[in-house]
Amino acid sequence: MRPFDYYAPATLAEALEIFQREGEGGRALAGGTDLVVQLKEGGHKFPYPRYLVSLRRLPELKVLEWREGEGLRLGAGLTMAEVAESSIVRERYPALADGAGLVGSLQTMNMATIGGNVCNAAPSADTAAPLLAYEAQVCIVGPQGERTLPLEQFFQGPGQTALRHGEVLTELLLPPPPPRAGGVYRRHTPRKQMDIAVVGVAVVLALDASGQVIERARIALSAVAPTPIRARRAEAALEGQRPTPALLAQAAALAREEARPISDVRGSAAFRRYLVGAMTERLLEQALARARS
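The notes below deal with the structure included here.

Rules behind the numbers
Positions within a chain are numbered from 1, following the residues in the order the chain's sequence is written. Totals for whole chains, interfaces and linings use every residue, but because this is a predicted model, local features are given only for residues with pLDDT of at least 70 and side-chain atom pairs only at 80 or more, for both listing and counting. With hydrogens and water set aside, each side-chain value is computed from the structure's full complement of heavy atoms. The angle between two axes is taken between their N-to-C directions and runs from 0 to 180 degrees, where each axis is a line fitted to C-alpha atoms and a helix contributes only its stretch in contact. Comment: elements are numbered from the N terminus, with helices defined as DSSP H or I runs of at least four residues and strands as E runs of at least two. Oblique is the label for any angle not covered by the other classes, which are roughly parallel (under 35 degrees), roughly antiparallel (over 145) and roughly perpendicular (65 to 115). Handedness of each helix crossing follows the sense of rotation of the near helix against the far helix: counterclockwise by less than a right angle gives left-handed, clockwise gives right-handed. Note on definitions: a residue-residue contact is assigned when non-hydrogen atoms from the two residues lie within 4.5 Å. Put simply, Ala, Val, Leu, Ile, Met, Phe, Trp, Tyr, Cys and Pro go in the nonpolar bin, Asp, Glu, Lys and Arg in the charged bin, and everything else, Gly too, in the polar bin. In short, DSSP must find at least two bridges between two strands for them to pair. Under the rule applied, a polar contact is a pair of N or O atoms within 3.5 Å (in protein, one hydrogen donor and one hydrogen acceptor; residues adjacent in sequence only if both atoms are side-chain atoms). Only buried Ala, Val, Leu, Ile, Met, Phe, Trp, Tyr and Cys residues count toward a nonpolar core, and they belong to the same one when joined by side-chain atoms within 4.5 Å. Type-normalised accessible area, obtained with a 1.4 Å probe on protein chains alone, sets the label of each residue: buried when under 20%, exposed when over 50%, and partly exposed for intermediate values. Starting at the helix axis, one direction is taken to each C-beta atom, and the arc is that of these directions. In what follows, salt bridge is the name for a side-chain nitrogen of Lys or Arg lying within 4 Å of a carboxyl oxygen of Asp or Glu.

## Let's talk about the packing of helix α11 (residues 245-258) against helix α12 (residues 269-292)
- Two elements in contact, α11 and α12, have axes whose closest approach is 8 Å; the angle formed by their N-to-C orientations is 140°. The angle between the axes of α11 and α12 places the two elements in the oblique class. Crossing of α11 against α12: the hand is right-handed. Contact with α11, carried on its side by Pro 245, Leu 248, Ala 249, Ala 251, Ala 252, Ala 255 and Arg 256, involves Arg 273, Tyr 274, Val 276, Gly 277, Thr 280, Glu 281, Leu 284, Glu 285 and Leu 288 of α12 and no other residues of that element.
- Residues belonging to the contact of α11 with α12 are distributed by class as follows: 10 nonpolar, two polar and four charged.

## What about the sheet that holds strand β3 (residues 51-54)?
- Read across the sheet, three strands follow the order β1-β3-β2 without closing on themselves; strand pairing throughout is parallel. Across the chains shown, the open sheet's two edge strands, defined by having one partner strand only, are β1 (5-7) and β2 (26-29). Between one strand axis and the next, the sheet turns by 20° as a mean value, whatever way the strands run.
- Across three bridges, the pairing between β1 and β3 is parallel. Residue pairing in the sheet places Tyr 7 in a bridge with Val 53 of β3.
- Together, β1, β2 and β3 form the strand contacts of helix α1 (residues 12-22), whose direction differs from that of β3 by roughly 170°.

## Considerations on the side chain of Arg 147
- As for its position among the elements, Arg 147 is in strand β7 (residues 145-150).
- A polar contact of 2.8 Å, which involves the side chain of Arg 147, links it to the side chain of Glu 167.
- The contacts of Arg 147, once residues within four sequence positions are left out, are Val 138, Cys 139, Ile 140, Ala 162, Leu 163, Arg 164 and Glu 167.

## Topic: the nonpolar core
- Leu 74, Leu 96, Leu 131 and Leu 174 are the most contacted members of the largest nonpolar core, which has 56 residues in total.
- Leaving out residues up to four positions away in the same chain, Leu 131 has contacts with Leu 96, Ile 114, Val 118, Ala 136, Leu 151, Leu 172 and Leu 174.
- Listed in part, the 32 residues of the second largest apolar core include Ala 225, Ile 229, Ala 237 and Leu 288.

## Some words on the pairing of β3
- Here β3 shows two buried faces, one formed by Tyr 51 and Val 53 and the other by Leu 52 and Ser 54.
- Strand direction decides the pairing type here: β2 and β3, joined by four bridges, are parallel. From the neighbouring strand, Ala 28 faces β3, where its bridge partner is Val 53.

## Things to note about α1
- Every buried residue of α1 is listed here: Leu 12, Ala 15, Leu 16, Ile 18, Phe 19 and Glu 22. All buried residues of α1 lie within an arc of 155° about the axis, which places them on one face of the element.
- Buried residues along α1 sit in contact with β1, β2, β3, β6 (137-142) and β10 (168-174).
- Remark: Gly 23 follows α1 within two positions and exhibits a positive phi of approximately 80°.

## A closer look at unusual backbone geometry
- With a phi angle near 60°, Glu 135 is a residue other than glycine that sits in the positive phi range.
- The topology assignment puts Glu 135 in the loop between α8 (128-133) and β6.
- Located in the positive-phi region is Arg 180, a residue other than glycine, with phi close to 55°.

## Details of the side chain of Arg 272
- With respect to the helices and strands, Arg 272 occurs in helix α12.
- For Arg 272, a relative accessible area of 3% gives the class buried.
- Among the polar contacts made by the side chain of Arg 272, one reaches the main-chain carbonyl oxygen of Gly 267 at a distance of 3.0 Å.
- Ignoring anything within four residues of it in the chain, the contact list for Arg 272 reads Val 198, Val 199, Ala 223, Pro 261, Ile 262, Asp 264, Arg 266 and Gly 267.

## Brief notes about the environment of Gly 25
- Locating Gly 25 in the fold gives a position in the loop between α1 and β2.
- A sequence separation of 239 residues divides Gly 25 from Asp 264, and the C-alpha atoms of the two residues are 31 Å apart.
- Setting aside chain neighbours within four positions, we find Gly 25 in contact with Pro 49, Arg 50 and Tyr 51.

## Re the pattern of salt bridges
- Throughout the structure, instances matching the rule amount to 21 salt bridges.
- Of the charged contacts in the structure, one is a salt bridge between Glu 65 and Arg 67, with a shortest N-O distance of 3.2 Å.
- A salt bridge links Asp 126 to Arg 187; the nearest nitrogen and oxygen atoms lie 2.6 Å apart. Here Asp 126, found in the loop between α7 (114-119) and α8, pairs with Arg 187, found in strand β11 (residues 181-188); they are 61 residues apart in sequence, far enough to count as distant.
- With relative accessibility at 14%, the residue Arg 187 sits in the buried group.
- When salt bridges with common partners are traced through the structure, they connect Glu 65, Arg 67, Glu 70, Arg 73 and Glu 171 into a single cluster.

This is how it looks when you write it as structure tokens:
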């Protein structure tokens, strides 16, 4: 590991001032479960940082607040354990609780932050697909003020985001889930724990007042494209329809067609496409069961 300067500001304003004062070459440090490993291994694909700015002490990044009619505010500094164990998240956004509860070991979950998982921009990130399925937005603060983006626009490629120099992701904003909604996230990994998704699928379904028709469908896929993606053709096929086995199979086939996987040491493109179809069909059934209950 090469030398670098280290700063531990106590407020967001102080962190932003450090980035402005020190200029290019800085990186934000949240839980460090990805960045520190990359620095130690020396295989970091970005230029080696000249300095790190720790975000762990910033109270502005620790909010977890539900507002009726507005939705959920999730501070970027919340750990995976805090997200996975939150009663609000588990009740209203179960697919996100599923994903946050899968990130590494218990030790990792108590260090890794949801903002770090998003900013690392790995196509396989376990919170990315659920957040996309819940149509999350990101709140970014920097020298030019505050801006909000749909999460889908935040991801720009493997390890690449819309963050500009000196900007910090402060929180994620999730709109209220519709009534009679059910969500679920699952991933396929060679090992049961401590592994990276070969394929991840998040499904959120909402039923109409009769409970017989799918009013809204959201399907998000991870590890099958340069960024996590929505399967929009599959979603459109479901909305306004009665959920029959044939319909769920059709939607799963469309999701499989929308995946754009590559072949690598973890699995072939063909295997990943097969997994997308099989997992999407199964998770549609599980999301329906949660919506009905």
